Amino acid sequence: MSGPAAGTADAATTTDVVCLGESMVTFLPSQPGRLADVPSFGRGIGGAESNVACALAAAGHRAAWVGRVGADGFGDHLVETIASYGVDTSAVRRDPVRPTGIYFRTATDRGTDTHEVAYYRAGSAASAMSPDNVPYEDLLAGRILHLSGITAALSADCLALLRELTAPRPGRPLVSFDVNHRPHLWRGGDADASVLLELARRADLVFVGEDEAEEAWGIVGAEAIRAALPEPAVVVVKRGSAGATVFSGLRPGPRSSNAGGAENAAGAGSSGAGGAGNAAGGAEGADTVTLVPALRVDVVAAVGAGDAFAAGFLSATLRGLPVRERVRHGHLMAAAVLTVPGDLTDPPARDHADRLAALDDDAWGRLRLGPGWTAADRAPEEVRTP
């Protein structure tokens, strides 16, 4: 079995973030209601990792997406659309036999009982990704390699690929891993829980929601999640409307010997919102705990927000910003997506986002963002809906 060569990523790399995963054509409903009742659908694209790549490219970073699509019209649409955001798609492979995946969804929030998603991705081109057919030189060419648990659920070969990419080795880029627990994708049993925990523990930076940690692992609370993930340098626990808690510290053990120059994933400038940052002891391996409240947002559609949050956090990580600002940029990028109907949108201009991320705690707490806020060219304290 082939594998990535050690030391491929070095100081001469030109790509900021490489994202690996399946992207699909998504059909968005023309009106609310059951899939059985929706009369027509508009076409878009969906895929956690390509969403992150598109958001990062739109924010001015050099992002690449690596995936596998069918040699069909839907594959053409995916590659062309993702590339239109400025993403490098040159390493995308076309499968001459297997189709591009598609799915249909309702307009309701994914977290509600009325939300429906109909996937047509079994046997898709992306599910055939394996350690034997991906371009390792492209995957390891960035400062950060971003992966998610969705890919691990697609097939045994996809899982083998993620195990290869998360294995500790010299020259490995900083590995970012979004747990993205999707129970309906797994093939029965409790394998998903153990696999996702295994992969998360091998990463350098982990994004995980409190709700999915409880669902997948039966773990409740941010502190317990960190205890279950002791190895990553940074663990970002997303807590919904309560905001996010970040655990950052230097962790023991062999991991990435080359963090891609991403300004140290642990973030030497960590600080908590409102003085909430807490250094746990100061010894090697001790954590700084940073709590950052969420924004108030007038939500149009609650899809794609997690991917946008990861993109905002990674963007600020690449820029070497303190942890509090990294989380705030994550919240702002998520707010941009939450206030539009689809999974993707243009993020706020960097200087606009920087002004908002630098607000004091009181001003941050007063913000309320609604549709169109990313285009606002006003003072930070005025960027809110009535």
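Within every chain, residues take consecutive numbers counted from 1 along the sequence as written. Local features in this predicted model are restricted to residues of pLDDT 70 or higher, and side-chain atom pairs are both shown and tallied only at a pLDDT of 80 or more, whereas totals for entire chains, interfaces and linings draw on every residue. Water and hydrogen atoms were dropped before computing side-chain values, which therefore reflect all heavy atoms in the structure.

(A) Molecular detail of the overall build of the chain. The way it works is that DSSP assigns letters per residue, a run of H or I at least four long becomes a helix, a run of E at least two long becomes a strand, and they are numbered from the N terminus. Scanning the chain for helices and strands turns up 12 helices and 17 strands. Across the 386 residues of the chain, 57% fall into the buried class. In this description, accessible areas are obtained by the Shrake-Rupley approach with a 1.4 Å probe, and a residue is regarded as covered only by the protein chains that are shown. Accessible area for the chain stands at about 15000 Å²; split by element, carbon and sulfur atoms hold 51% of it. Relative accessible area decides the class of each residue, using a 1.4 Å probe on protein chains only: under 20% of the type maximum gives buried, over 50% gives exposed, and in between gives partly exposed.

(B) Main features of the side chain of Thr15. Take Thr15: it is sitting in strand β1 (residues 15-20). Owing to a relative accessible area of 13%, Thr15 belongs among the buried residues under this scheme. Leave out the neighbours within four places in its chain, and Thr15 touches Arg62, Ala63, Ala64, Ala141, Gly142 and Arg143. Two residues qualify as a contact provided that any one of their heavy atoms is within 4.5 Å of a heavy atom in the partner residue.

(C) Layout of helix α6 (residues 191-201). The complete set of buried residues in α6 reads Asp192, Ala193, Val195, Leu196, Leu199 and Ala200. Where α6 is buried, its residues contact α4 (149-154), α5 (156-166), β10 (174-178), β11 (205-209) and α7 (210-217).

(D) Structural detail: the packing of aromatic side chains. Two rings from Phe, Tyr or Trp (for Trp, the six-membered ring) form a pair when their centres sit within 6.5 Å of each other. Planes less than 30 degrees apart are called stacked, planes more than 60 degrees apart edge-to-face, and all others tilted. One pass over the structure, following the stated rule, counts 7 aromatic pairs. Plain terms: the ring middles of Phe27 and Phe74 are 6.0 Å apart, the flat faces sit at 75° to each other, and that makes the pair edge-to-face. Of the two residues, Phe27 sits in strand β2 (residues 24-29) while Phe74 sits in helix α2 (residues 73-84), which places them 47 residues apart along the sequence. Here Phe27 falls in the buried class, since its relative accessible area comes to 14%. With a relative accessible area of 31%, Phe74 lands in the partly exposed category. Put simply, the rings of Phe27, Phe41, Phe74, Phe104 and Tyr120 touch in pairs and so form one group of aromatic residues.

(E) Spatial organisation of the confidence of the model for the chain. Per-residue confidence from the prediction method is given by pLDDT, with values spanning 0 to 100. Of all residues in the chain, 82% attain a pLDDT of 70 or more, and the chain-wide mean is 84. For the stretch residues 378-386, pLDDT sits under 50, and the model shows 20 contacts to residues farther than four places along the chain or on other chains.

(F) Expanded view of the packing of helix α9 (residues 305-318) against helix α10 (residues 323-338). Between the N-to-C directions of two axes lies an angle of 0 to 180 degrees, each axis being a line fitted to C-alpha atoms and, for a helix, fitted only over the stretch in contact. Two numbers describe how α9 lies on α10: the axes approach to 7 Å, and their chain directions differ by 145°. Of the two elements, α9 crosses α10, and the hand of that crossing is right-handed. Here Ala305, Ala308, Phe309, Ala311, Gly312, Phe313, Ala316 and Thr317 of α9 come into contact with α10, specifically with Glu325, Arg326, Val327, His329, Gly330, His331, Met333, Ala334, Val337 and Leu338. Classes in brief: Ala, Val, Leu, Ile, Met, Phe, Trp, Tyr, Cys and Pro nonpolar; Asp, Glu, Lys and Arg charged; the others, Gly included, polar. Residue composition of the contact of α9 with α10, by class: 11 nonpolar, 5 polar and 2 charged. Left-handed describes a crossing whose near helix is turned anticlockwise from the far helix through less than a right angle; right-handed describes the clockwise counterpart.

(G) Quick look at the nonpolar core. The set of buried Ala, Val, Leu, Ile, Met, Phe, Trp, Tyr and Cys residues whose side-chain atoms join them within 4.5 Å is what this entry labels a nonpolar core. Of all hydrophobic cores here, the largest spans 47 residues; its most connected members are Leu20, Leu139, Leu165, Phe177, Val208 and Trp217. Ignoring sequence-local partners within four residues, the contact set of Leu139 consists of Val18, Leu20, Val66, Val134, Leu145 and Leu165. Formed by 46 residues, the second largest nonpolar core is a distinct cluster that contains Val25, Trp65, Val87 and Val292.

(H) Quick peek at the pattern of salt bridges. When a carboxyl oxygen of Asp or Glu is within 4 Å of a side-chain nitrogen of Lys or Arg, the pair counts as a salt bridge. Within this structure, the stated rule accounts for 21 salt bridges. A salt bridge links Asp95 to Arg98; the shortest N-O distance between them is 2.9 Å. The exposure class assigned to Asp95 is buried, which follows from its relative accessible area of 2%.

(I) Up close: the environment of Gly42. Tracing the backbone through its elements, the reader meets Gly42 in strand β3 (residues 41-46). For Gly42, a relative accessible area of 33% translates into the label partly exposed. Separated by 14 residues in sequence, Gly42 and Leu28 place their C-alpha atoms 5.0 Å apart. Every residue in contact with Gly42, bar those within four places of it in the chain, is listed here: Thr26, Phe27 and Leu28.

(J) Quick peek at the pairing of strand β15 (residues 288-292). Judged by how many residues are buried, β15 sits mostly within the fold: 4 of 5 residues are covered. Two strands make a pair as long as DSSP finds a minimum of two bridges between them. Looking at chain direction, strand β13 (residues 244-248) and β15 are connected through 5 bridges and run antiparallel. Looking across to β15, one finds that Val246 is bridged to Thr290.

(K) Structural view of the sheet that holds β3. Read across the open sheet, the 4 strands follow the order β3-β2-β7-β8; overall the sheet is mixed. Edge positions in the sheet fall to β3 and β8 (117-120), since each of these pairs with one other strand and no more. Strand-to-strand twist of the sheet, defined as the mean angle between neighbouring strand axes without regard to direction, takes the value 20°. Sheet topology places strand β7 (residues 102-105) next to β8; 4 bridges connect them, and they run antiparallel. Each bridged residue has a counterpart across the sheet, and for Tyr103 the counterpart in β8 is Tyr119. α2 contacts β2, β3 and β7 of the sheet and is inclined by roughly 65° relative to β3.

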